[in-house]
Amino acid sequence: SWAGWVKIGMTIDLEKRHAAYQMYSPGKDYSVLHSVRVSDRRASEGLAHRLASDSASDRSGEWFRITDREAQESLKRIEKEHPL
């Protein structure tokens, strides 16, 4: 929905969270790029935000101006460091 921007956040129910975002977008154009299951959601989210910030050209809360690949690489690293 926001070209060049990626949201990195945590949720218990990904499908429900995604559906809620779609309600706010007339084009229903949000998509899930990647998700990981981790043992500690809060710690993992904080680390994911720090990693994404290192690559981002801009940031607004949980939204980062990074490539899809950079976002996915951040989450893959989180998955290795905080496996379920």
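Shown above is the structure to which this text applies.
It should be emphasised that the depicted structure is a prediction, and the values quoted were computed from it without experimental measurement. (Residues numbered from 1 in each chain as written. Predicted model: local features only at pLDDT ≥ 70, side-chain atom pairs only at ≥ 80, totals over all residues. Heavy atoms only, no water.)

Engineer: Where do I start with the nonpolar core in this structure?
Structural biologist: Membership of the largest hydrophobic core comes to 13 residues, with the highest contact counts inside it found for I8, F64, I66 and I78. Mapped by element, the contributors of at least two residues to this core are α2 (41-55) and α3 (68-81). The element contributing the most residues to this core is α2, with four residues. Aside from chain neighbours lying at most four places away, what touches F64 is G4, W5, V6, I8, H49, A52, S53, A56, D58 and R59. (Core = buried A, V, L, I, M, F, W, Y, C linked by side-chain atoms within 4.5 Å. Buried < 20%, exposed > 50% of the residue type's maximum accessible area, 1.4 Å probe, protein only. Helix = DSSP H or I, 4+ residues; strand = E, 2+ residues; numbered from the N terminus. Contact = heavy atoms within 4.5 Å.)

Engineer: Explanation requested: the side chain of S44 in the structure shown.
Structural biologist: Looking at the secondary structure, you find S44 in helix α2. Judged by its relative accessible area of 4%, S44 is buried. Engagement of the side chain of S44 in a polar contact is seen with the backbone oxygen of D40, the distance being 2.8 Å. Non-local contacts of S44, meaning those with residues more than four positions away in its chain, are made with V38, I78 and H82. (Polar contact = N/O pair within 3.5 Å; in protein donor to acceptor, adjacent residues only side chain to side chain.)

Engineer: Sorry, what's going on with the side chain of H49 here?
Structural biologist: Relative to the helices and strands, H49 resides in helix α2. Those residues in contact with H49, other than ones at most four positions away along the chain, are I8, G9, R59, E62 and F64.

Engineer: How should I be thinking about α3 in this particular structure?
Structural biologist: Since the α-helix packs 3.6 residues into each turn, any two residues three or four apart lie on the same face. Taking 1.5 Å as the rise per residue, α3 with 14 residues should run 20 Å; its terminal C-alpha atoms sit 20 Å apart, in good agreement. Lining the buried residues of α3 we find β1 (5-7) and α2. (Expected span 1.5 Å × (residues − 1).)

Engineer: Explain α2 to me, please; I cannot follow it from the model alone.
Structural biologist: With 15 residues, α2 should cover 21 Å at 1.5 Å per step; its first-to-last C-alpha distance of 21 Å lies within 8% of that length. Among all positions in α2, only S44, E45, L47, A48, H49, L51 and A52 are buried. Tucked into the core, α2 has its buried residues touching β2 (59-60), β3 (63-65) and α3. Measuring from the side-chain oxygen of the N-cap residue of α2 to the backbone nitrogen of R42 gives 3.3 Å; that N-cap residue is D40.

Read these as geometric descriptors, not functional statements.
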